[in-house]
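Survey of secondary and tertiary structure
Residues per chain, in single letters:
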2 protein chains.
Amino acid sequence: MSRIDHRSPKEIRNLIRKGKWDKPTAGLAMGYAQANLVILPQRYAFDFLLFCQRNPKPCPLLEVLEPGTFQTEFLSRDADIRTDLPRYNIYRNGKLEATVKEIKPIWEKDFVTFLLGCSFSFEEALLRANIPIRHIEENKNVPMFISSISCKPAGLFHGPMVVTMRPIPPDKVSRAVQITSRYISVHGAPVHIGDPSRIGIKNLKKPDFGDPVTIRKDEVPVFWACGVTPQAVVMKAKPDLCITHTPGHMFISDLLNEELASL
Amino acid sequence: MSRIDHRSPKEIRNLIRKGKWDKPTAGLAMGYAQANLVILPQRYAFDFLLFCQRNPKPCPLLEVLEPGTFQTEFLSRDADIRTDLPRYNIYRNGKLEATVKEIKPIWEKDFVTFLLGCSFSFEEALLRANIPIRHIEENKNVPMFISSISCKPAGLFHGPMVVTMRPIPPDKVSRAVQITSRYISVHGAPVHIGDPSRIGIKNLKKPDFGDPVTIRKDEVPVFWACGVTPQAVVMKAKPDLCITHTPGHMFISDLLNEELASL
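On a predicted model such as this, the values are computed, not experimentally measured, just so you know. Along each chain, the written sequence defines residue order, and numbers are assigned to residues from 1. Labels follow written order: the first chain is A, the first ligand is 1, and so on. Selection of residues for local features in this predicted model requires a pLDDT of at least 70, selection of side-chain atom pairs for listing and counting requires 80 or more, and totals for whole chains, interfaces and linings are taken over all residues. Where side-chain values are given, they derive from all heavy atoms of the structure, hydrogens and water being excluded.

Moving on, we get to the overall build of chain A. Across its full length, chain A holds 7 helices and 11 strands. Throughout, the radius of gyration refers to the C-alpha atoms, and the reference size of a globule is 2.2 Å times the residue count to the power 0.38. Radius of gyration (C-alpha) of chain A: 18 Å, near the 18 Å computed for a compact globule of 263 residues. Based on the C-alpha atoms only, the size of chain A along its principal axes is roughly 55 × 40 × 35 Å. Burial classes: relative accessible area under 20% of the type maximum marks a residue as buried, over 50% as exposed, and values in between as partly exposed (1.4 Å probe, protein chains only). Each of the 263 residues in chain A was classed as buried or not, and the buried ones make up 56%. Considering only contacts within chain A whose residues lie at least 6 apart along the sequence, 78% involve residues at least 24 apart. Just so you have it, chain A exposes about 11200 Å², and 52% of that area is on carbon and sulfur atoms. Secondary structure is summarised from DSSP: a helix means a run of H or I of at least four residues, a strand means a run of E of at least two, and numbering begins at the N terminus for each. Should any heavy atoms of two residues lie within 4.5 Å, those residues are considered in contact. Computed with the Shrake-Rupley method and a 1.4 Å probe, the accessible areas treat only the protein chains shown as cover for residues.

This part takes up empty space enclosed by the protein. Residue and element names in this part refer to chain B. Buried and open spaces are told apart on a 1 Å grid over the protein atoms alone, a cavity being a set of points where a 1.4 Å probe fits but cannot get out and a pocket being an open set with protein on both sides within 12 Å along at least five of seven lines. Residues with an atom within 4 Å of a point are the lining residues. Grid points are joined across faces, edges and corners, and a volume is the space filled by probe spheres set on the points. Under the defined criterion, the tally for this structure stands at 1 cavity of 30 Å³ or more. By volume, the largest cavity amounts to about 60 Å³. Lining of the largest cavity is provided by 10 residues; of these, G27, M30, Q34, F120 and E124 occupy positions nearest its centre. Taken together, the residues of the lining of the largest cavity break down into 6 nonpolar, 3 polar and 1 charged. For this classification, Asp, Glu, Lys and Arg are treated as charged, while Ala, Val, Leu, Ile, Met, Phe, Trp, Tyr, Cys and Pro are nonpolar and the rest, including Gly, are polar.

We now examine the pattern of salt bridges. A side chain with one charge can pair with a side chain of the opposite charge if their charged atoms come near. Any Lys or Arg side-chain nitrogen found within 4 Å of a carboxyl oxygen on Asp or Glu counts as a salt bridge. Taken as a whole, this structure holds 36 salt bridges over all chains when the rule is applied. A salt bridge links A:E138 to A:K140; the nearest nitrogen and oxygen atoms lie 3.4 Å apart. Here A:K140 falls in the partly exposed class, since its relative accessible area comes to 34%. Note that B:D254 and B:R13 form a salt bridge whose closest N and O atoms lie 2.9 Å from each other.

Formed by 70 residues in total, the largest nonpolar core has its most connected members in A:F114, A:F157, B:F114 and B:F157. Among the elements that take part in this core, helix α2 (residues 42–54) of chain B stands out by supplying 8 residues, more than any other. Buried Ala, Val, Leu, Ile, Met, Phe, Trp, Tyr and Cys residues that are joined via side-chain atoms within 4.5 Å together make up what is termed a nonpolar core. Ranked by size, the runner-up nonpolar core spans 36 residues in total, among them B:F111, B:A125, B:I136 and B:V220.

It is worth spelling out the interface of chain A and chain B at this point. Across the boundary between the two partners, chain A contributes 23 residues, which contact 23 residues of chain B. Defined in terms of a 1.4 Å probe, buried area is the accessible area two parts forfeit on being brought together, summed over both. Overall, the association of chain A and chain B removes approximately 1800 Å² of surface from exposure, summing both partners, and the carbon and sulfur fraction of that is 66%. Counting across the interface, chain A meets chain B through 2 salt bridges. Note that B:E66 and A:R54 form a salt bridge whose closest N and O atoms lie 2.7 Å from each other. Counting of polar contacts relies on pairs of N or O atoms within 3.5 Å, with two restrictions inside protein: one atom must be capable of donating a hydrogen and the other of accepting it, and residues adjacent in sequence are counted only when both atoms are side-chain atoms. Our count for the chain A to chain B interface comes out at 6 residue pairs in polar contact (both at pLDDT 80 or more). Among the secondary structure elements, those contributing two or more residues to the side of chain A that touches chain B are α2 (45–54), β2 (61–64) and α5 (173–181) of chain A. Here the side of chain A that touches chain B gets 6 residues from one element, more than from any other, and that element is α2(A).

The next point concerns the environment of B:F114. All names here are of chain B. When you line up the elements, F114 lands in strand β5 (residues 111–117). Using a relative accessible area of 0% as the deciding quantity, one classes F114 as buried. On a C-alpha basis, the gap between F114 and T214 in space is 34 Å, while along the polypeptide they are 100 residues apart. Residues within four places of F114 in sequence aside, it is in contact with N36, L37, V38, A45, F48, L49, L61, E63 and V64.

On to helix α5 (residues 173–181) of chain B, then. For α5(B), every residue scored as buried is listed here: B:V173, B:A176, B:I179, B:T180 and B:S181. Elements in contact with the buried residues of α5(B): α3 (120–128), β7 (160–168), β8 (192–193) and β9 (220–225) of chain B.

With an axial shift of 0.0 Å and an RMSD of 0.0 Å, the rotation relating chain A to chain B amounts to 180 degrees. These values place the two chain copies in the arrangement generated by a two-fold rotation axis. Relative to the rotation axis, the C-alpha of A:F46 is the closest in chain A, positioned 2.6 Å from it. A high fraction, 100%, of the interface residues of chain A reappear at the interface in chain B, so the copies pair face to face through one surface. The atoms used to superpose the copies are C-alpha atoms, taken from residues with pLDDT of at least 70 in both, and the fit is least squares.

Moving on, we get to the side chain of B:S76. Residues and elements named next belong to chain B. Turning to its location among the elements, S76 is positioned in the loop between β2 (61–64) and β3 (88–92). In this structure S76 comes out as buried when scored by relative accessible area, which is 2%. At a separation of 2.9 Å, a polar atom in the side chain of S76 contacts the side chain of D254. Ignoring sequence-local partners within four residues, the contact set of S76 consists of R13, F251 and D254.

All names here are of chain A. Of the positions making up helix α3 (residues 120–128), those classed as buried are S121, F122, E123, E124, A125 and L126. Considering only its buried residues, α3 is in contact with β1 (32–41), α4 (134–137), β7 (160–168), α5, β9 (220–225) and α7 (257–260). Looking one or two residues beyond α3, the residue adopting positive phi is N130, at roughly 65 degrees.

This is how it looks when you write it as structure tokens:
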């Protein structure tokens with residue numbers, strides 16, 4: 001983690017709210033959970049909530065707000081979802097229309113906000129246990145692949161699971177499973193360990209999103225469900241409107257990663 | 001467990017479907033998960049799904065069906081929710097109107113079915129670890145109390161958490177926490193350990209539901225979230241229609257309890 005930051009989540013959210021930070025949030029407010037954002041009009045909300053309930057690994061819900069509500073309660077008592085993320089993507093009919101720094105002007109009373117867990121939380125725990133994370137070592141984005149694993153459909157929403165890959169030394173795979181199993185609300189345990197072809201991945205050097213990383217001799221490719229899945233699934237369903245965070249530009253919560261961990 | 005039964009879930013569901021079993025399901029199909037049932041018209045479904053998302057300990061969702069669907073997919077590939085429970089309660093405007101053996105005649109296309117985990121699953125695991133369960137030893141119903149812990153409200157739905165109490169010897173409390181922590185989808189770890197007055201319970205001898213049990217000297221009262229909570233919350237919201245299982249008359253799934261356990 002090259003950029004270590006000791007400002008509190010509240011301080012950083014205030015900077016963002018004032019338009020003074022519009023860059024990615026990786027490395028900010030270390031120790032605190034960051035969240036993916038999906039906002040949909042209420043007519044799509046039941047189907048999407050059901051999709052998340054059926055696919056908790058790619059879509060781990062941290063908080064869902066009532067229709068029209070823009071203040072979180074669980075993740076922070078002091079946040080406005082319309083202004084407190086550095087950048088938002090606005091999609092209409094599945095197409096990116098604009099990237100903006102706040103969504104106050106287009107907010108509607110029927111908007112339902114979904115905040116989903118993100119793998120930053122479990123990566124911190126892996127690093128603390130001295131398990132290497134190659135894309136961090138190489139200062140890259142995590143490699144992501146569209147797998148052949150189908151998500152369970154719900155109403156309008158369906159599609160394949162997107163997975164992240166981290167190469168892990170053989171003697172540390174077991175520990176990596178144990179550690180990430182504790183973080184159910186941020187993707188949890190791996191969905192696949194070993195042979196990429198078994199989940200439809202032909203070439204680990206050519207990720208569908210993010211960057212390729214070095215895989216050393218004997219290292220095992222370990223695959224986790226990825227938070228890009230719900231965004232891909234929503235885009236495919238082409239709702240007339242959907243707002244998400246711009247990739248990497250997450251919501252910073254007041255909740256410690258450890259507060260999300262189970263036994 | 002006085003009544004041990006070795007018939008498969010499918011065999012038992014077939015008996016129930018044919019009207020040949022209308023008694024409680026405790027002790028049937030040992031090893032397999034049983035589920036609580038809540039059916040609501042679609043106009044209430046988003047609020048109730050959100051309530052469950054916000055209160056996973058009392059309301060651990062095992063499966064939610066699409067509007068109008070009466071066949072499960074995850075819990076069984078071979079079940080009809082309208083006929084495969086021994087008894088159903090029909091509530092109108094929060095009042096019990098009838099108890100019936102099937103709901104085919106009143107099924108509507110907008111009914112949304114929720115199946116929730118039940119503590120039978122973790123009790124089996126506690127018994128296997130030689131942790132005594134007093135109400136089973138004494139052949140009683142588990143004592144249940146309306147606590148002063150508030151559930152997080154969602155839309156129409158709000159109310160206090162109902163908890164079950166099991167007295168545990170001091171040297172086994174820690175193990176009881178560890179074991180039930182693995183069963184997140186069937187209420188998970190205790191919500192409170194020790195002094196009942198701290199969660200608004202005045203007299204352990206006078207449960208609000210179920211039976212009082214013997215608490216031996218030095219035993220610690222341990223409280224778990226209870227599946228009666230969602231039913232109590234729904235009754236309070238007085239939807240014009242709600243169907244549940246009749247208490248004790250659960251849905252028997254094809255899923256092993258072990259399949260529900262985490263690390």
